[in-house]
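Architecture and fold: a report
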Amino acid sequence: MTPPPSPQDSATTNTAAALEVCNLQMEFKVAAGRGHHSVKAVNGLSFQAAHGQVTALLGPNGAGKTTTLECAQGLLKPTGGSVRLLGENPWNAGPALRARAGVMLQDGGLPQSARPGEFLKHISSMYRRPADMQELMDTLGINSYLKTPLRRLSGGQKQRVALAAALAGDPEVVFLDEPSAGLDPQSRAVVFDLIAQLKQRGTAVVLTTHLLDDAQRLADHVVIVDRGTVRRSGTVAELIAGDDTTGVLRVGLTARQRDLWEEAPPSLTGAGPESGVQVEMHQEEVTVTGTFGPQLLEEITTWLATTGELPTSMTLQPRTLEDVFLAVAGREIR
Ligand SMILES: Nc1ncnc2c1ncn2[C@@H]1O[C@H](COP(=O)(O)OP(=O)(O)OP(=O)(O)O)[C@@H](O)[C@H]1O
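Per an unreviewed UniProt entry, the chain goes by the name ABC transporter ATP-binding protein and belongs to Kocuria subflava. Taken from UniProt, the Subcellular location (unreviewed entry) comment for the chain reads in full: "Cell membrane".

Have a look at this one:
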């Protein structure tokens, strides 16, 4: 890769957000019978992505993340609101803006019969100031399969080629769709290091992921999207601390305890959001979230004692990003 920008370069690029999405709307017309109906994929969504930061867009399937990123990349023309990418409207922008933004293509976007070596060299040759492709291929371990047609590569290998292609032009902002999905632990660590290097160099990294552990580790700024709007945003620490929550108490129950749970005191089973405590049973586990003290622990252990059995597990931990996500977006499958 080329060396980090000089302080002077940083000063010119870091003053404004790399990406500003303001009240974005995107409505698709879908044919239905003889007429059509509209799908509001994005419905008044706003967020910013800063230089030198990782911004993670999280949301359930169909939340509107890909549509938002396609509008941000200038691939779709929004039906409302505005997008500024590096200060320009990406929809009208010419090749100069496209050269400054890297996009990681999904598997289907890669030319399946091409070989990684020639494909990446070709992509590199399209930029005036390309990244050091040899170094990128070394870092991402692509050298061992340079001559294998893309269609014969594993999912994780293709993923690394797609990442190298996104970084070929040494972009100021890079869009990564699920960058760590399907990667083995070694490749995942390499990709995380690469993202850390990009941040250091002042690149704005905008990514989507369903892997919330990865988002928690990588993201400086998290945007939780649901039904086309932003439901919550902030740093991971802000989101986790958000609702003044003590943490999450998880109690694994035996089969008999699960049968008996319905008869547990209402102070346990009946707690609700209004009490600041939420007690829920998921599969074989009771989770208690919210603001609670040792009194609640005592109530639970007292009830456990009445069952005459130890629980299968019991932990009290700080909330994770996944807990916040499930609280915001709900547990129902879409
Ligand atoms: N071209 C299109 N025509 C019609 N509807 C579309 C189109 N593109 C997306 N949608 C709809 O818009 C909604 C948002 O889709 P989008 O792909 O943006 O979600 P997503 O958050 O990226 O989901 P996932 O996590 O599954 O990738 C969905 O209901 C989807 O079916």
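After that view, the rundown keeps rolling.
Some thoughts on the site of the ligand
Near the ligand you find F28, V30, V39, A41, G59, N61, G62, A63, G64, K65, T66 and T67, and these make up its full shell. At three residues, helix α2 (residues 65-72) tops the list of elements feeding residues into the shell around the ligand. A breakdown of the residues in the shell around the ligand according to their chemical character gives five nonpolar, six polar and one charged.

Comments concerning unusual backbone geometry
For residues besides glycine, phi is generally negative; the peptide bonds are generally trans as well. Not every positive phi belongs to a glycine, and N23 is a case in point at roughly 50°. Along the chain, the position of N23 falls in strand β1 (residues 19-32). Residue class for N23 comes out partly exposed when judged on the 14 C-beta atoms lying within 10 Å of it. Positive phi values are uncommon outside glycine, yet E178 reaches one of about 50°. The residue E178 is located in the loop between β6 (173-177) and α7 (185-200) in this model.

The rules we used
Residues numbered from 1 in each chain as written. Predicted model: local features only at pLDDT ≥ 70, side-chain atom pairs only at ≥ 80, totals over all residues. UniProt positions renumbered as here; feature names shortened; annotations may be inferred. Near = placed C-beta within 6 Å. Helix = DSSP H or I, 4+ residues; strand = E, 2+ residues; numbered from the N terminus. Nonpolar A, V, L, I, M, F, W, Y, C, P; charged D, E, K, R; others polar. Buried ≥ 20, exposed ≤ 12 C-beta atoms within 10 Å, placed from the backbone.

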